[in-house]
Structures are given as C-alpha cells and as structure tokens.
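# Secondary and tertiary structure notes
Here is how the chains run, residue by residue.
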Amino acid sequence: DARTGKRLWHFQTTHHDLWDRDLPAPPNLITVRHQGKFVDAVVQVTKQGYVFCFDRVTGKPLFPIIEKSVQSSRLQGEHPWKTQPYPVLPKPFARQSADITAKDINPYAVNKTELIQKLAQIQTGWYDAPSLQGNLILPGYDGGAEWGGAGADPKRGIVYINSNEMPWIQTMVSTKKPLINESKTYINYCANCHGDKLQGNPASGYPNIKEVFKRRNRAFLSQIITQGKGMMPGFPQISKEEREQLIGFLAGEQPKEISEANKADQIPYRMTGYNKFLDSQGLPAIGPPWGTLQAIDMNTGKYVWKIPFGDEPLLADKQIKNTGTENYGGPVITENGLLMIAASKDGKFRIYNRHTGKLLWQTQLPAAGFATPSTYEVNGKQYVVIACGGTKLGTKKGNQYVAFTLGNE
C-alpha cells in the first residue's frame, strides 16, 4: 500500500535464481474481464518468455500457475529449488531450452554439423541446474522480454510484447583452475564478463580489457569499479585493498596477497561468462525467428497475432527476410490503432496496425534505436521521438534523437 508502506502481497517468479532470471521491466496495469467480471489486473513479462497475470488488489493469479519439478544439481554444495512456477496461460511467447533439438539448428549456418554436436553435448532441460557440462539458456540471459517491457491497451486488456530468441550457453568450472597470474578479486567479480584472459566477449557486449591502461588511468578505473558504468554494475562492497589489488592486476602487476580480513570468499565454482551460442558467421545457432512481436489478449490468455520482428542484416543483404532480430526497447501503443517501435538490430523504426500486426510504415534510423519511443503533442500536432544510440549488438554508434510528426496518410 503506497499510502502506508504495508506489503499487501508478493509472488516469486523464479525460486533460487541461478540463471540470471531477474524481472527485466516494470509491470503493466490493465483491466480484464475475468469470470464475467471486470478485474483490475497487473501483468508481468519475464526473461523466460512468460506472462504472469494477477488480480492487482489480492495477488490472486488470473490464470493457473503450476509448480513444475526441475533437475537437481550435480555441483557439490549447490541445492536448487525443486520446482519452478509455470503459468498455464498465456503460452510462452519465446521458445524454451527444452524445445530445441537438432532440427532447430540454424539452416543458414555454414558449420551446422559442429553446432549439432555442441547441442548434443550440453543440457537442454527446462531450468536445468548450472553444470560443468554446460546448459542451453533459451530465452537467453537478456530474455525473452527485456528492459523495454510490454505495451498495453489498459481498457481492452491486451498486451504487446517484443521478444528475443537468442540462445546462450551457461558453463561452470572449478575455481581451482588457475587464471593468468591469478587474482581472486578478478575471478569473483570480473571473469564472468571479461573472461579468463581479460579478452572480453564482443559478441555479448563485454570489452577486451587487456590494455585498459592505454586508455584509462587508475583513478578512472577505481571510480568505474565502485560506481559502474553502462552495462557494468558498480561493486561498492569491494574493499579499498581489494580494489587496489584488482587495478594492479589489470595493470599487469604481480598480484599481492590480500590480508585475511579482506580476502574475497572463494566460491568452489564460477561461470565461464555470458556466452552466446552462435554459428561461425556470428548468427544465432538456432534457426529463426530470432525476434518476435506479439499481441496477447489477457481476457482469454490467447494470442491475437504473432510475427517475426526485424530482419537480420547479414541475411537481408542476401534477400532473406523476416528472420527477426535481437531487439532492445519497447513499443508505444496509440488509441487509434497503432503500435510504434524501433528496438531492432537492423536500425529501423516501424509502425504496425496493433489490431492485426500488419506493417504500415518503416524508415531507417541513423543508428539503432535501442529504446522505447516517446510521443507527445504540441499545438495540436502529435510527435514521436526515438533515441538512436546504437553500439549494442555491434551496430553503428550514434548520439541523436530523431523526431517524427504524424501526417494525414
């Protein structure tokens, strides 16, 4: 209750999260017709490709949610929760790890045999516990639904979701395996993203930091470690002694022993990093669609429509269209029947008929618009503006806001 601070209800969408399944975006407030009555509801989209719908006053699910059993862990000391919540309706808006077989490997891949062999070596179960063998994470760490969240028609009870279908692989290794000039602080806080050898992971957006001191000084690195920047979170919990040791490690200095009082807890296993499952061309290892756009009627839990969203530039150049692409940024819904969205890797801004999913208009932006558009009115004229930043997913860098006015066509 916002007036008193009293907690009214809660629901946990992932138990004992071992897969980076935080909720990616704010929920949507809508009104739906449920069992013959109008109900004020709250809808939450997830990275897993699920939509949870609750009576926003009582927290009662408006569609059944079952607790499904999941695999136990083979890692010593790790005890995953035995079940995970699964909403019966709506059906998932993105493919799940357990859905993928050899027939789903990317048909455009040059190295299909290698990808099929890799898929056979890793675990593909639903919510399989992290393992030394490696697990398919689909939808990937970014979702499914991501930071842009869903658009909604609050009165008609329809939500509009753009989604990713990029596969990732989660692999654990023993921390007894040494890194170069081993730094425990680096292992515990940095290796997941920047790799064992500081090589980074450009395909996932994590930079190579082998020669970071050619670009930055100690003061800058100290600030970034503490406060974070961009995709990187801050680590204010790292002690000054640990921070100085980490900066020295990045500078190529021989790591010094941390005092016993400030030693980072040595966990027995660590993840090898956020690694996408890609083919030799850098495309997803599974076949398209790699991005989708859908409308779901939350009165019934049924899909109104679902389409591929975006064109993969590498294949579009070969006249292969409607593959869908990774996308970041949400839609704007208008009362007169439009859905406006940028978000896609191909850097286009599109307008759809929100009732049918039909594409009405599109234009190329100066850089990809990985953001949700804003719309406003000045002197009776409506405008739409989108931030074109690019850079993510290897797209062209930009720093422009592009505004459109709605015409009479």
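In this report, we go over the structure that sits alongside the text. Just so we're clear, the structure is a prediction, and the values are computed from it rather than from any experiment.

### Some remarks on the overall build of the chain
From N to C terminus, the chain includes 6 helices and 23 strands. The C-alpha radius of gyration computed for the chain amounts to 23 Å, which stays within 12% of the reference 22 Å derived for 409 residues, consistent with globular compactness. Considering only C-alpha atoms, the chain reaches an extent of 65 × 55 × 45 Å along its principal axes. Residues classed as buried in the chain amount to 51% of the 409 residues present. Here the analysis covers contacts within the chain between residues at least 6 apart in sequence; of these, 58% occur between residues at least 24 apart. With an accessible surface of roughly 20,500 Å², the chain has 52% of that area assigned to carbon and sulfur atoms.

### Overview of the sheet that holds strand 9 (residues 168-170)
Taking strand neighbours across the sheet as the criterion, the 3 strands line up as 6-9-14 in an open arrangement whose pairing is antiparallel. Two strands close off the open sheet at either side, each with one partner strand: strand 6 (135-137) and strand 14 (275-276). Where strand 9 lies against strand 14, 2 bridges are found, and the strand directions are antiparallel. Of the residues in strand 14, the one forming a bridge with Trp168 is Lys276.

### Here we look at the pattern of salt bridges
Oppositely charged side chains may form a pair once their charged atoms are brought near each other. Counted under the stated rule, the structure contains 14 salt bridges. In this structure, Asp104 engages Lys103 in a salt bridge whose closest nitrogen and oxygen atoms are separated by 3.8 Å. By relative accessible area, Lys103 is classed as exposed at 71%. Note that Glu244 and Arg218 form a salt bridge whose closest N and O atoms lie 3.8 Å from each other. Pair noted here: Glu244 is in helix 5 (residues 240-250) and Arg218 is in helix 4 (residues 218-227), with a separation of 26 residues, a long-range link. Taking relative accessible area as the criterion, Glu244 reaches 38% and is therefore assigned partly exposed. One network of salt bridges, with partners in common, ties together Asp153, Arg156, Glu335 and Arg354.

### Topic: the sheet that holds strand 21 (residues 374-378)
Strand order in the open sheet formed by 3 strands is 21-22-23, and the pairing between neighbours is antiparallel. The sheet is open, and its two borders are formed by strand 21 and strand 23 (397-405), each paired with just one other strand. Looking at each pair of strands side by side, their axes are set apart by 25 degrees on average, direction ignored. In this sheet, strand 23 lies alongside strand 22 (residues 381-390) in antiparallel orientation, the contact comprising 7 bridges. Residue Ala387 lies in a different strand from strand 23, and its bridge partner there is Tyr401.

### Regarding the packing of aromatic side chains
Taken as a whole and assessed by the stated rule, the structure comprises 21 aromatic pairs. A ring pair is formed by Tyr186 and Phe249, whose centres lie 5.1 Å apart and whose planes are at 50 degrees; its orientation type is tilted. Within this pair, whereas Tyr186 is found in helix 2 (residues 184-189), its partner Phe249 is found in helix 5, the two being separated by 63 residues in sequence. Relative accessible area serves as the criterion here: at 6%, Phe249 is assigned to the buried category. Aromatic side chains Trp361 and Phe404 sit 5.6 Å apart centroid to centroid with 80 degrees between the ring planes, which places their arrangement in the edge-to-face category. Within this pair, whereas Trp361 is found in strand 20 (residues 359-364), its partner Phe404 is found in strand 23, the two being separated by 43 residues in sequence. Given the relative accessible area of 36%, Trp361 is considered partly exposed. One aromatic cluster is present, built from ring pairs that chain together Trp9, Phe11, Trp19, Tyr50, Phe52, Phe54, Tyr86, Trp126 and Tyr127. One Lys or Arg, Lys68, reaches over the ring of Trp126 and ends 4.8 Å from the middle of that ring. Between Lys392 and the ring centre of Tyr328, over which it is positioned, the NZ or CZ distance is 4.5 Å.

Cut-offs used in this document
Residues numbered from 1 in each chain as written. Predicted model: local features only at pLDDT ≥ 70, side-chain atom pairs only at ≥ 80, totals over all residues. Heavy atoms only, no water. Helix = DSSP H or I, 4+ residues; strand = E, 2+ residues; numbered from the N terminus. Rg over C-alpha atoms; globule rule 2.2 N^0.38 Å. Buried < 20%, exposed > 50% of the residue type's maximum accessible area, 1.4 Å probe, protein only. Contact = heavy atoms within 4.5 Å. Areas by Shrake-Rupley, 256 points an atom, 1.4 Å probe, with all protein chains shown as cover. Pairing = 2+ DSSP bridges. Salt bridge = Lys/Arg side-chain N within 4 Å of Asp/Glu carboxyl O. Axes fitted to C-alpha atoms, helices over the stretch in contact; angles between N-to-C directions. Phe/Tyr/Trp six-rings, centres within 6.5 Å; stacked < 30°, edge-to-face > 60°. Lys NZ or Arg CZ within 6 Å of the ring centre and 35° of its normal.

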